Amino acid sequence: QVQLVESGGGLVQAGGSLRLSCVASGRTFSSYAMGWFRQVPGKEREFVAAISWNGGSTDYGDSVKGRFTISRDNAKKTGYLQMNNLKPEDTAVYYCNAPINMSTRTSLKEYWGQGTQVTVSS
């Protein structure tokens, strides 16, 4: 399976922006739909955004529509999540994964990486 490493998280004030990156190893990234998920301690992992293998289709969770944008650069084997107008409720550990099932908004791989922490202050 493709190996993924997230980066770009940090501490930001409400209304600010962050851009997360997801760098893949191997040569199969371009064949997979990929997605972003987030999780708060004590709560279930939540779907955030997804993008098809060629970037032709995207999907977003209701809470982030209009604020977050998912994209990918297959030549660089990298996925991105641009997060604008961040809110305190966006605070979570953010994970990327691939491949995913875009219809069910779920990962097809059991393994999850370490993620990247996003903290939004009031």
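This write-up is about the structure you can find in this document. Keep in mind that what you see is a predicted model, and the values were worked out from it rather than measured.

Quick look at the sheet that holds strand S2 (residues 10–13)
Here comes step 1: On the basis of which strands lie adjacent, the open sheet formed by six strands has the order S2-S12-S9-S4-S5-S6 and mixed pairing. With partners counted over all chains shown, the strands left at the sheet margins are S2 and strand S6 (58–60), one partner each. Strand-to-strand, the axes of this sheet are offset by a mean angle of 25°, without reference to chain direction.
Here comes step 2: Summarising the sheet, strand S9 (residues 92–97) and strand S12 (residues 116–121) pair through three bridges and their orientation is antiparallel. Paired with Val93 across the strands is Gln117, a residue of S12.

Notes on the side chain of Thr78
Here comes step 1: Mapped onto the elements, Thr78 comes out in strand S8 (residues 78–83).
Here comes step 2: Polar side-chain contacts of Thr78 include one of 2.9 Å to the backbone oxygen of Lys76.

Side note on the environment of Tyr94
Here comes step 1: Tracing the chain through its elements places Tyr94 in strand S9.
Here comes step 2: Through-space distance from the C-alpha of Tyr94 to that of Trp36 is 6.9 Å; in sequence the pair is 58 residues apart.
Here comes step 3: For Tyr94, the residues in contact, after removing those within four places along its chain, are Glu6, Leu20, Trp36, Phe37, Arg38, Val48, Phe68, Leu81, Met83, Gly115, Thr116 and Val118.
Here comes step 4: Only 2.7 Å separates the side chain of Tyr94 from the backbone oxygen of Asp90, close enough to count as a polar contact.

Calculation rules
- Residues numbered from 1 in each chain as written.
- Predicted model: local features only at pLDDT ≥ 70, side-chain atom pairs only at ≥ 80, totals over all residues.
- Heavy atoms only, no water.
- Pairing = 2+ DSSP bridges.
- Helix = DSSP H or I, 4+ residues; strand = E, 2+ residues; numbered from the N terminus.
- Axes fitted to C-alpha atoms, helices over the stretch in contact; angles between N-to-C directions.
- Polar contact = N/O pair within 3.5 Å; in protein donor to acceptor, adjacent residues only side chain to side chain.
- Contact = heavy atoms within 4.5 Å.

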